[in-house]
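This is what each chain is made of:
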Amino acid sequence: MSEVIRHDVVIVGGGAAGLRAAIAAVEASPNISVAMVSKVYPMRSHTVSAEGGAAAVAREDDSFEMHGYDTVKGSDFLGDQDVIQYFVEEAPKELTLMDHWGCPWSRNEDGSVATRAFGGMSTKRTWYAADKVGFHMLHTLFQHSMRFDRIVRYDEQFVTKLLVDGGAIRGVVALDVREGVVRTILGRAVILATGGAGKIFPFTTNGNIKTGDGMSLAYREGVALKDMEFVQYHPTGLPGTGILITEATRGEGGYVVNSDGERFLVTRDYGVGTKAELGPRDMISRAIVMEIEAGRGFKGPYGEYVHLDLTHLGEQKISTRLPMVRELAKTYIGVDPVVQPIPIRPVVHYMMGGVDTDIDGATVIPGLYAAGEVACVSLNGANRLGSNSLTECLVFGARAGTKAVEFAAGSNDGSEAVLRRMGEEEAARIEALRGKKKGGEKLARIRRELNQTMESGCGVYREQASMDETVRSVARLKGRYADLALEDTSSVFNTELVVALELGNMLDVAEALAVSAAHRKESRGAHTRKDFQTRDDQNYLYHTICHFDPAGPRLGKKAVTLGTWEPEERKY
Ligand SMILES: Cc1cc2nc3c(=O)[nH]c(=O)nc-3n(C[C@H](O)[C@H](O)[C@H](O)COP(=O)(O)OP(=O)(O)OC[C@H]3O[C@@H](n4cnc5c(N)ncnc54)[C@H](O)[C@@H]3O)c2cc1C
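Fair warning: this is a prediction, and the values are worked out from it, not measured in the lab.

Section: the sheet that holds strand β3 (residues 34-38)
The parallel open sheet is built from five strands, whose spatial order is β7-β3-β2-β11-β19. Strand pairing shows two members of the sheet lacking a second neighbour, β7 (151-155) and β19 (368-370), which therefore form its edges. Between one strand and the next, the sheet's axes are offset by a mean angle of 20 degrees, whatever the strand orientation. Sheet topology places strand β11 (residues 189-192) next to β19; three bridges connect them, and they run parallel. Across the sheet, residue Val190 finds its bridge partner in β19, namely Leu368. Relative to the sheet, helix α11 (residues 388-409) contacts β2 (9-12), β11 and β19, its axis offset from that of β11 by approximately 160 degrees.

Encoded structure:
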């Protein structure tokens, strides 16, 4: 019999979005209890690895209007403008709150918060703490969350199912990875804050835990995934590992250079205008791929690359503003950026798409919310601007936390007998998978093939035939997944079982992504097609909605909320 626990609100995820939601929830009501379930210890969430910074208006030469317009333009006019408006207004409040909670923002001489330039932003509005921003933000949130004993943590517990009954969310089922037991954790509202899904691609900045679990959990229960075709490639990853070299390197004045020693973002027309290295990520990634295809890249053991040159910045600036970049480049590629350029190539970084929510983070299932990278609240549209994501986690994490508490207050518990039975059915499903010997397929093989097909069909440049092929191969891989054979029957830290569950989630997310991409016959933001090279507002100015169906994904459309800014050609 699996254990049943009850709280008022259940939050899945202990990254920036989950922690911010948890704090907002307990602050919203003096008696509410929150379960925070995370498959890893919260400080190991991917947020910890963010380097460059978080955006919010801070300077006199800046305004909400400017941050709003930059974000709308960056999104290639697919961001919802009501969401963007709310975001830019809340952003400074949230980052100031972080300051009060102890986040060590870097400072100017006069003690004011320092800001740096970031791609696609028209002024310096990215707050930073050297180049370890995610570490400091996550630490601040985690420590602040510990002040509330009403936030009860369930660390290293892997959520495998959402419990939906009687037309509302009722809780989750989680596998305790440490002990192997399965728990039913009930709550009158649930917030998904499970992060992105970069691991469906072979070459990514994302940690191994970013397998799209929350997207799959919601999708399986009938919530659509929105705008999944938009995958952000970050221009500057280390070849081989995919480790990120932050955009702050360009914000601080770094150059991108080809094998002829040419700053091609300055000398050639890649649409970034005078922004040069500070153009948006989608455009710079495409420019690098074009340079390599034109034979102006360097050849290396892990494929071709170009150079990120920081040598002119000098040791003092590199060591104070970008200490981690220096450390990473030295350790992982044997290059000291003070004296040598860093080899870099575009790398999968961020999912613009995710669980379809409204501005409150609410999904179509009453009581189910999502915030952070797992969600698509439609802030980022077809291309996210660097440093908007950490702030998004705070702004919409807080809003989802508050709204979930309001919902929980007016909802009921559902039938415990029914929920207990659902929990037991899920426990039995997991039990049947643990060490399942029957089957002819290996985990690693399916994952490798999934990675390969995602890269070949849904990379920086896309076209119909290869996307259609990816759609077919993911469907075949899903079939083969059912025939998986596992070996490890142990209960304690059975990582093979966890990886198998994650792979199931990755296949769902990959399928929704490929089907959504194959359907959009235009180029917009990060979705760039060789066969349809221009944006087509007449036919494609809408959000793609992808529904789960046992017969295969079903697509639909959702209107984009326009407002102050009319769609225009995206030129810098
Ligand atoms: C290397 C790197 C650098 C970045 N730098 C920046 C930057 O400088 N500025 C910026 O704005 N953005 C940056 N980003 C993006 C940004 O960091 C992320 O989008 C953001 O941190 C995501 O936070 P999150 O809370 O949504 O999810 P995460 O931090 O990924 O946390 C997800 C949480 O969900 C839990 N979880 C997942 N699945 C399950 C499950 N099945 N059961 C239970 N728990 C589960 C995990 O344990 C984890 O606690 C960067 C991203 C990367 C990869």
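There is more to say, and it comes next.
Observations regarding the site of the ligand
Near the ligand you find 38 residues, and of these Ser38, Ser45, His46, Thr47 and Glu373 are the closest. Glu51 is positioned with one of its backbone polar atoms (N or O) 3.5 Å from a nitrogen atom of the ligand. Take Leu390: an N or O atom from its main chain is 2.8 Å from an oxygen atom of the ligand. The protein chains hide 99% of the 1000 Å² of surface that the ligand would expose on its own. Among the secondary structure elements, those contributing two or more residues to the shell around the ligand are α1 (16-28), β3, β8 (157-165), β17 (342-351) and α11. Residue contributions to the shell around the ligand peak at four residues, all from α11. Here the residues of the shell around the ligand sort into 13 nonpolar, 20 polar and five charged.

What to know about the layout of surface pockets
Considered as a void within the structure, the second largest pocket measures approximately 720 Å³ in volume. In terms of lining, the second largest pocket is formed by 22 residues, of which the most central are Met283, Arg286, Ser523, Gln533 and Arg570. Taken together, the elements giving at least two residues each to the lining of the second largest pocket come down to α8 (281-293) and β22 (528-529). Ranked by residue count, the leading element in the lining of the second largest pocket is α8, at four residues. Domain assignment of the residues forming the lining of the second largest pocket places at least three in each of domain 1 (234-347) and domain 2 (422-541).

Describing the environment of Asp227
Position of Asp227 relative to the elements: it lies in the loop between β12 (225-226) and β13 (231-237). A relative accessible area of 0% places Asp227 in the buried class. As for Asp227 and Gly353, which are separated by 126 residues in sequence, their C-alpha atoms are 4.5 Å apart. With near-sequence residues (within four places) excluded, Asp227 lies in contact with Leu78, Met352, Gly353, Cys376, Ser378, Arg520, Tyr542, His543 and Thr544.

Focus: empty space enclosed by the protein
Scanning all chains against the criterion turns up three cavities of 30 Å³ or more. Of the pockets and cavities examined, the largest cavity occupies roughly 70 Å³. Val231, Gln232, Tyr233, Arg281, Asp282, Ser285, Arg286, Asn383, Val460, Ala526 and Thr528 are the residues that line the largest cavity. Secondary structure elements with two or more residues in the lining of the largest cavity: β13 and α8. Broken down by element, the lining of the largest cavity gets its largest block of residues, four residues, from α8.

Here we look at the packing of aromatic side chains
Within the structure shown, the criterion is met by nine aromatic pairs. Each ring, one from Tyr41 and one from Phe142, has its centre 5.5 Å from the other, and the planes form 85 degrees; the classification is edge-to-face. One end of the pair, Tyr41, is in the loop between β3 and β4 (54-55); the other, Phe142, is in helix α4 (residues 133-145), with 101 residues separating them in the sequence. Here Lys73 stacks its cationic end above the ring of Tyr572, 4.2 Å away from the centre of that ring. The ring of Tyr350 carries Arg384 above its face, with NZ or CZ at 4.1 Å from the centroid.

Here's the deal with the sheet that holds strand β20 (residues 375-376)
Pairing in this open sheet of five strands is mixed, and the strands run β20-β18-β12-β23-β24 from one edge to the other. One side of each edge strand has no neighbouring strand; the edge strands of this open sheet are β20 and β24 (554-559). Looking at chain direction, strand β23 (residues 542-547) and β24 are connected through six bridges and run antiparallel. Across the sheet, Tyr542 pairs through a bridge with Ala559, a residue of β24. Sheet contacts for helix α5 (residues 213-220): β12, β18 (354-356) and β23; angle to β18, the most-contacted strand, approximately 35 degrees. Contacting β12, β23 and β24, helix α15 (residues 495-519) runs over the sheet at an angle of about 140 degrees to β23.

Focus: the packing of helix α13 (residues 443-457) against α15
Where α13 meets α15, the closest approach of the two axes is 11 Å, and the angle between their N-to-C directions is 25 degrees. The orientation of α13 with respect to α15, classified from their angle, is roughly parallel. Considering the relative orientation of α13 and α15, their crossing is left-handed. Across from Leu443, Ile446, Arg447, Leu450 and Met454 in α13, the residues of α15 making contact are Glu496, Val499, Ala500, Leu503, Met506, Leu507, Ala510 and Leu513. Its residues assigned to classes, the contact of α13 with α15 shows 11 nonpolar, no polar and two charged.

Description of the pairing of strand β16 (residues 303-309)
With five of its seven residues buried, β16 lies for the most part within the structure. Sheet topology note: the strand β14 (residues 255-257)/β16 ladder contains three bridges and is antiparallel. Each bridged residue has a counterpart across the sheet, and for Val257 the counterpart in β16 is His307. With three bridges connecting them, β16 and β17 associate as antiparallel partners.

Section: the domain arrangement of the protein chain
Entries for the protein chain in the domain assignment read domain 1 (234-347) and domain 2 (422-541). Relative to domain 2, the C-alpha centre of domain 1 lies at a distance of 30 Å. At the boundary of domain 1 with domain 2, total buried surface from both sides reaches about 500 Å², with 58% on carbon and sulfur atoms. When the buried surface of domain 1 facing domain 2 is broken down by residue, Asp282, Arg286 and Val289 rank first, second and third, together holding 66% of it. There are zero salt bridges connecting domain 1 and domain 2. Our count for the domain 1 to domain 2 interface comes out at two residue pairs in polar contact (both at pLDDT 80 or more). Among the elements that take part in the side of domain 1 that touches domain 2, α8 stands out by supplying six residues, more than any other. By residue class, the composition of the side of domain 1 that touches domain 2 is two nonpolar, one polar and four charged.

Re the environment of Leu310
Position of Leu310 among the secondary structure elements: in the loop between β16 and α9 (315-321). In this structure, the C-alpha to C-alpha distance between Leu310 and Ser378, residues 68 residues apart in sequence, is 34 Å.

Rules used in this analysis
Per chain, residue numbering runs from 1 following the sequence as it is written. Confidence filtering applies because this is a predicted model: local features only for residues at pLDDT of at least 70, side-chain atom pairs given and counted only at 80 or more, and all residues used for totals across whole chains, interfaces and linings. Note: side-chain values were computed over all heavy atoms of the structure, leaving out hydrogens and water. Any two strands are treated as partners once DSSP identifies two or more bridges connecting them. Helix and strand labels come from DSSP, where a helix needs a run of H or I of at least four residues and a strand needs a run of E of at least two; each type is numbered from the N terminus. Structural elements are reduced to axes, namely lines fitted to C-alpha atoms, with helices fitted over the stretch in contact, and the angle between N-to-C directions of any two is expressed from 0 to 180 degrees. Residue contacts are counted whenever heavy atoms from the two residues lie within 4.5 Å of one another. Throughout this document, a residue counts as near a molecule or strand when at least one of its heavy atoms sits within 4 Å of that molecule or strand. N or O atoms closer than or at 3.5 Å make up a polar contact, with two conditions inside protein: a donor-capable atom paired with an acceptor-capable one, and, for residues adjacent in sequence, both atoms drawn from side chains. Surface exposure here means Shrake-Rupley accessible area, sampled with a 1.4 Å probe, where a residue is shielded only by the protein chains that are shown. In this classification, the charged set is Asp, Glu, Lys and Arg, the nonpolar set is Ala, Val, Leu, Ile, Met, Phe, Trp, Tyr, Cys and Pro, and all remaining amino acids, among them Gly, are polar. Think of a 1 Å grid over the protein atoms and nothing else: a 1.4 Å probe that fits but is trapped marks a cavity, an open set flanked by protein within 12 Å on at least five of seven lines marks a pocket, and residues with an atom within 4 Å of a point count as lining. Grid points are joined across faces, edges and corners, and a volume is the space filled by probe spheres set on the points. Here the bounds of each domain stem from an automatic or database domain assignment. Three exposure classes are used, based on accessible area relative to the maximum for each residue type with a 1.4 Å probe and protein chains only: buried under 20%, partly exposed in between, and exposed over 50%. Aromatic pairing here means that ring centres of Phe, Tyr or Trp (its six-membered ring) are within 6.5 Å. Orientation follows from the plane angle: under 30 degrees is stacked, over 60 is edge-to-face, and everything else is tilted. In this scheme, Lys NZ or Arg CZ marks a charge over a ring once it lies within 6 Å of the ring centre and within 35 degrees of the ring normal. By definition in this entry, angles of less than 35 degrees are roughly parallel, angles greater than 145 are roughly antiparallel, angles of 65 to 115 are roughly perpendicular, and the rest are oblique. Left-handed is the label given to a crossing in which the near helix is rotated counterclockwise from the far helix by less than a right angle, and right-handed is the label when the rotation is clockwise. By buried area we mean the combined loss of accessible area, with a 1.4 Å probe, across both parts when two parts are placed together. Put simply, a salt bridge is a Lys or Arg side-chain nitrogen that is within 4 Å of an Asp or Glu carboxyl oxygen.

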